[in-house]
Structures are given as structure tokens and as C-alpha cells.
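# What the coordinates show
Residue-level listing of the chains:
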Amino acid sequence: MRMHAIAMLVLLSIGLLGSCGSFSASTTVDALSHTNQPERELEASYTMEGDNDSDNPIPKELWTIPNEYLREADQPGTLVELRYDTYESRTYAQKSKPITKRAIVYLPYEYSDEKEYNVLYLMHGGWSNETTTLGTPEQPSAFKHVVDHGIRNGEFDPLIIVCPTYNNESPEDSADYTLAFYTLTANYHQELVNDLIPAVEGTYSTYAKGTSAEDIRESRDYRAFGGFSMGSVATWHTFINSLDAFRYFLPMSGAMDYDGDIIDAAVTASDFIPDDYFIYAITGSSDFAYGQFARQIEAMIAKPSGNFKLYDDERSGNIAYRVKEGYSHDGRAAMEYTYNGLRWFWN
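Report on the accompanying structure. Keep in mind that what you see is a predicted model, and the values were worked out from it rather than measured.

## A look at the overall build of the protein chain
The helix and strand inventory of the protein chain stands at nine helices and eight strands. For the protein chain, buried positions account for 58% of its 347 residues. Pairs at least 24 apart in sequence give 78% of the contacts found in the protein chain among residues at least 6 apart.

Structural data, given as C-alpha cells:
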């Protein structure tokens, strides 16, 4: 696995630097304008098994974000900064070096403590931070507007979105591929479950009745984790280590277990069965990460354990796989894949 990851470093240095930057309206409107079509675009590369009789199947073609969604909505949600205490990643187990970190939290329009909300924890990619995906309270990104419009138009229910960072002691950590791939994304689950989730769900109204490990486990059906590129690597590590906290996963254009052995073994060692989790995996046909991403998905569904069954609805399987024709490793892809995940999770 290490040799595959090192080979990817060359590709990442060429293509990733500009791929995971801020989703600003000025750069994204032009990028999406030629794809604004009333119909959905590409049939999935994989044909799912059997008849699709679910009440809520995942569409075989990905939806395109309408251009008008990239501009401010008339019922905007709110971005807030949440600071929380955690520990330096490499020595987290010893808890010898306390640090304070920040997450950007999206609260939907007319958020109320009297309601319970689903939560998506959404991780950034390389050369990025917690402000990359949704922006800041002072300068929201185009994707924040997309979320506002999607909720306003009933495409998905109001939810809370949390954008954290695996950057550790330096804002430059995500620019260090080796550090991010082998250490920070692999260790992030400790901070996530022990520190971030309690900070978020002890502050805002979710389905968790409290912040204990038992409370978090009991509310896992209402919690998802996703990410693009290196954020996808973090998503796979979250799946391996934190199935007891999350039911839904949205890995996008980033692999870490190319033969599927580690992921498969983690499920087998857990007390969860295939009906207990769902993975919506998305990439693009022109994405330099496509080959390794596809290889991992194919390896997972080929495992004799039966832990992964490819299908396009939650009642019949637990992993859906979509490949967007012509899409590469960039901000447009990250936005559209996340938008499609939001359109399906809990809806």
C-alpha cells in the first residue's frame, strides 16, 4: 500500500494543489455553467443488481448543481465558528500536548434548539483547512449557498454541517502529503469521536441525547462523515475506526486501502452487520485518483465476507458507486459530489 501511496504523491503534486481550494462563487460559476442542464447527466458505470424497488433509490445519474444555487439564497443558513479543546495528533493517546482547534459549523435557516437535526461531518482535502468548503461567517463560499438553496427548495431536510480540519499543529500540515496520508488522517478519528462530536452535539441540537460514548452510538443513524481527496482518506479511516458513531459515509476521489483488506477486517471485527452502514462512493472518470478509488471499491465488494454489497438503495445493499464522466480532481467535482450526497442521505 505504501508504494501505491508514494506513486500518488507525484500526481498529487501536479493536480491537487488547485483542486481543493475554496469553493468561491467567482471561480465556480464559470466552471459549472456549461453543465447546467435540466436532466441528470451520466448513467453510472456500474449496473446494480436486481430490481430497484426501494422507496428512495440513489439515482444512477448524478445531479448537476443549478447555476443559481451558487449565489446567495433568500433564506440563508448561518456559519459559526466553534472552538474546542483536543490533543496533538501524533501523541494523542498520551494526551501530553493540549491544543485548541476550530471547526466551521453550518446551521440551517431558522435553526431551533427545539428541533433535532442530522449532522454531516465534512472533511477538506490537501492544501486546505476548515474554511475551504463552506467559507467563514464573514465570507461564505459558493457551496454554502448551494446548501441554502437545496434546503430552501426541499431537496434535502435542514441539517447541521461541520467542517473540521485534520491540520494539527500547523495550518500547513495538509500540504505535507506524507504527514497527512499516513498520520493525520489515520489518527483523526480519536479527536473526532472524543472531542469534536461532543463539542458540536453538546452545543447544538442533534439526535444525540448527550455526549457520552453510548449517546453517540445510539444516535449514529443520524450522523454521516464525508470528504473529497485527502478528506476521502479521512472518511475511510473514520469508517474503519468509528462505525459505532456513524451510519453514512461519503468518500469522494480518495482511496487508502487498495485491496480492501483493512476495511473488510474492521467490519468483521466489529459488532455491526452489513445492514448497519451505507457508503456512497463517488469519483470522476478523468480524476487521477479514479484508478485506485475504483480498485478499492471493486476489492471491497469482491470480499467473500459479504460485508459489502453493491446496490443503489439502502434496503438491498450498503454501497453505491458513481463515476461522473469527464470530471477531474477539482472543486467543481467536490461540490457536485457532496451535493448529491446531501440529496440522498436521510431523504
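## With respect to the sheet that holds strand β2 (residues 98-107)
The strand order across the open sheet formed by eight strands is β1-β2-β4-β3-β5-β6-β7-β8, and the pairing between neighbours is mixed. Whereas interior strands pair on both sides, the edge strands pair on one side only; in this sheet they are β1 (78-87) and β8 (319-324). Averaged over all neighbouring strand pairs, the angle between strand axes comes to 20°, with direction disregarded. Summarising the sheet, β1 and β2 pair through 10 bridges and their orientation is antiparallel. Across the sheet, residue Tyr-84 finds its bridge partner in β2, namely Lys-101. Helix α3 (residues 142-152) rests against β1, β2 and β4 (159-163) of the sheet, and its axis sits at about 45° to β2. Along the sheet, helix α4 (residues 177-201) makes contact with β1, β2, β3 (118-123), β4 and β5 (223-228), crossing β1 at roughly 130°.

## Points about the side chain of Ser-128
Its location among the elements puts Ser-128 in the loop between β3 and α3. A polar atom in the side chain of Ser-128 sits 2.9 Å from the backbone oxygen of Gly-126.

## Here's the deal with the environment of Ser-112
Within the element layout of this structure, Ser-112 appears in the loop between β2 and β3. The class for Ser-112 is buried, based on a relative accessible area of 19%. Placed 93 residues apart in sequence, Ser-112 and Ser-205 show a C-alpha to C-alpha distance of 7.6 Å. Filtering out sequence-adjacent residues up to four positions away, Ser-112 remains in contact with Tyr-117 and Ser-205.

## Digging into the side chain of His-329
On the secondary structure map, His-329 appears in the loop between β8 and α9 (331-344). Of the polar contacts made by the side chain of His-329, one reaches the side chain of Ser-229; its length is 2.8 Å. Engagement of the side chain of His-329 in a polar contact is seen with the side chain of Asp-287, the distance being 2.7 Å.

## Examining the nonpolar core
Across soluble globular proteins, nonpolar side chains have a tendency to be buried as a group. Tyr-121, Val-162, Leu-196, Phe-239, Ile-279 and Phe-308 are the most contacted members of the largest nonpolar core, which totals 56 residues. If you tally residues by element for this core, the top one is α4, at 11 residues. Those residues within four positions of Tyr-121 in sequence are excluded, and the remaining contacts are Val-162, Leu-192, Leu-196, Ile-197, Val-200, Glu-201, Arg-223, Ala-224, Phe-225, Gly-226 and Phe-246. Leu-62, Leu-159, Tyr-280 and Tyr-327 belong to the second-largest nonpolar core, a separate cluster that totals 38 residues.

## Section: α3
By the criterion of burial, α3 is predominantly enclosed, with 10 of the 11 residues buried. Capping the start of α3 is the job of one residue whose side-chain oxygen sits 3.2 Å from the backbone nitrogen of Phe-143: Ser-141.

Reading the values: the criteria
Along each chain, the written sequence defines residue order, and numbers are assigned to residues from 1. Selection of residues for local features in this predicted model requires a pLDDT of at least 70, selection of side-chain atom pairs for listing and counting requires 80 or more, and totals for whole chains, interfaces and linings are taken over all residues. Calculation of side-chain values draws on the structure's entire complement of heavy atoms; hydrogens and water are dropped beforehand. A helix here means a DSSP run of H or I that spans at least four residues, while a strand means a run of E at least two residues long, and both kinds are numbered starting from the N terminus. Summary of the burial criterion: residues with accessible area below 20% of their type's maximum are buried, those above 50% are exposed, and those between are partly exposed, where the area comes from a 1.4 Å probe applied to protein chains only. The contact definition used throughout considers only heavy atoms, calling two residues in contact when any of these lie within 4.5 Å. Strand pairing is assigned whenever DSSP detects at least two bridges linking the two strands. Axis lines are fitted to C-alpha atoms, over the contacting stretch for helices. Their N-to-C directions set the angle, which ranges from 0 to 180 degrees. Two N or O atoms count as a polar contact when they lie within 3.5 Å, although within protein this holds only if one can serve as hydrogen donor and the other as acceptor, and sequence-adjacent residues are included solely when both atoms are side-chain atoms. Within this scheme, the nonpolar core is defined by two criteria: the residues are buried Ala, Val, Leu, Ile, Met, Phe, Trp, Tyr or Cys, and they are joined through side-chain atoms within 4.5 Å.

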